[in-house]
Amino acid sequence: MKDLLNYTSSGGNYRTQLYDKQREEYLPATQGLGMFVEVKDPDDKVILSRQYGSEGRFTFTSHTPGEHQICLHSNSSKFALFAGGMLRVHLDIQVGEHANNYAEIAAKDKLTELQLRVRQLVEQVDQIQKEQNYQRYREERFRQTSESTNQRVLWWSIVQTLILVAIGIWQMRHLKSFFEAKKLV
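No experiment lies behind these values; they were computed from the predicted model shown.

Procedures and definitions
- Just so you know, the residues in each chain are numbered from 1, in the order the chain's sequence is written.
- Owing to the predicted nature of the model, reporting of local features is limited to residues with pLDDT of at least 70; listing and counting of side-chain atom pairs is limited to 80 or more, with chain, interface and lining totals taken over all residues.
- In computing side-chain values, all of the structure's heavy atoms are included and hydrogens and water are not.
- UniProt positions are given in the numbering used here, feature names are shortened, and annotations may be inferred rather than shown by experiment.
- Each helix is a run of H or I in the DSSP string that is no shorter than four residues. Each strand is a run of E no shorter than two, and both are numbered from the N terminus.
- Put simply, buried Ala, Val, Leu, Ile, Met, Phe, Trp, Tyr and Cys residues joined by side-chain atoms within 4.5 Å make one nonpolar core.
- A 1.4 Å probe rolled over the protein chains alone gives each residue an accessible area, and that area as a share of the maximum for its type sets the label: buried under 20%, exposed over 50%, partly exposed in between.
- Residue contacts are counted whenever heavy atoms from the two residues lie within 4.5 Å of one another.
- Between N or O atoms, a polar contact is any pair within 3.5 Å; within protein, one atom must be a potential hydrogen donor and the other a potential acceptor, and residues adjacent in sequence are included only when both atoms are from side chains.
- Expected helix span is taken as 1.5 Å per residue step, with the number of steps being one fewer than the number of residues.

Asker: Can you tell me about the UniProt feature "transmembrane region" (unreviewed entry) in the protein chain, naming the residues and giving the values?
Answerer: UniProt tags residues 153-172 as "transmembrane region" (unreviewed entry). Annotated as residues 153-172, this span is 100% helix and 0% strand, and its ends, taken at the C-alpha atoms, are 29 Å apart.

Asker: If you had to explain the nonpolar core to someone new, which residues and values would you point to?
Answerer: By size, the foremost hydrophobic cluster in this structure holds nine residues: Leu-4, Tyr-14, Met-35, Val-37, Val-39, Leu-48, Tyr-52, Phe-58 and Phe-60. Of all the secondary-structure elements, those providing two or more residues to this core are strand E4 (35-40), strand E5 (46-52) and strand E6 (55-61). For this core, the element with the highest residue contribution is E4, accounting for three residues. Excluding residues that lie within four positions of it along the chain, Tyr-52 makes contacts with Tyr-14, Gly-34, Met-35, Val-37, Arg-57 and Phe-58.

Asker: Go over the side chain of His-68, please, and point to the residues and values.
Answerer: For His-68, the position within the fold is in the loop between strand E7 (66-67) and strand E8 (69-74). One polar contact links the side chain of His-68 to the main-chain carbonyl oxygen of Gly-66, over a distance of 3.0 Å.

Asker: Outline helix H2 (residues 113-181), listing residues and values.
Answerer: For H2, spanning 69 residues, the distance from its first C-alpha to its last is 101 Å, which sits close to the expected 102 Å at 1.5 Å a residue. All of the buried residues in H2 are Leu-116, Gln-120, Gln-127 and Tyr-134.

Structure follows, in structure tokens:
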């Protein structure tokens with residue numbers, strides 16, 4: 001999944017379909033078939049680990065900025081009838097303010113249309129602010145990496161120059177002693 005910001009609400013809807021060999025088409029999965037959803041943050045810490053049905057919705061909030069992993073596992077290995085079968089999973093992922101169901105929020109909090117629109121705008125502004133902070137964080141990390149690389153390149157060139165000068169001095173002394181031993185100088 002793309003880079004998520006700190007404290008960003010995300011979620012997804014999924015639906016599974018099982019392939020029917022006799023009809024040669026995908027049909028809605030049976031109730032016994034379930035999905036195990038696991039979400040990991042960039043540090044490989046598990047944020048969400050839960051068993052769901054054949055279709056459902058999952059939500060989570062990121063606490064670490066970066067790329068998150070969403071893994072969907074089927075519990076189909078428990079079914080002998082599924083051996084050799086195919087499973088299709090439809091996955092719809094929403095990130096940030098898109099993960100909120102505003103019609104449900106308006107009904108629950110009894111908001112007018114204007115109040116709901118103001119809430120949407122506030123959440124969009126918060127999302128933009130989070131994005132800007134994350135970009136500053138990434139820029140700072142990139143700058144630190146660039147400065148570290150530049151420093152290493154500088155020291156490597158200084159070491160190479162010193163080695164080159166030392167070898168040149170050694171060669172001149174060696175040649176001088178060689179010519180003196182042969183009495184050419």
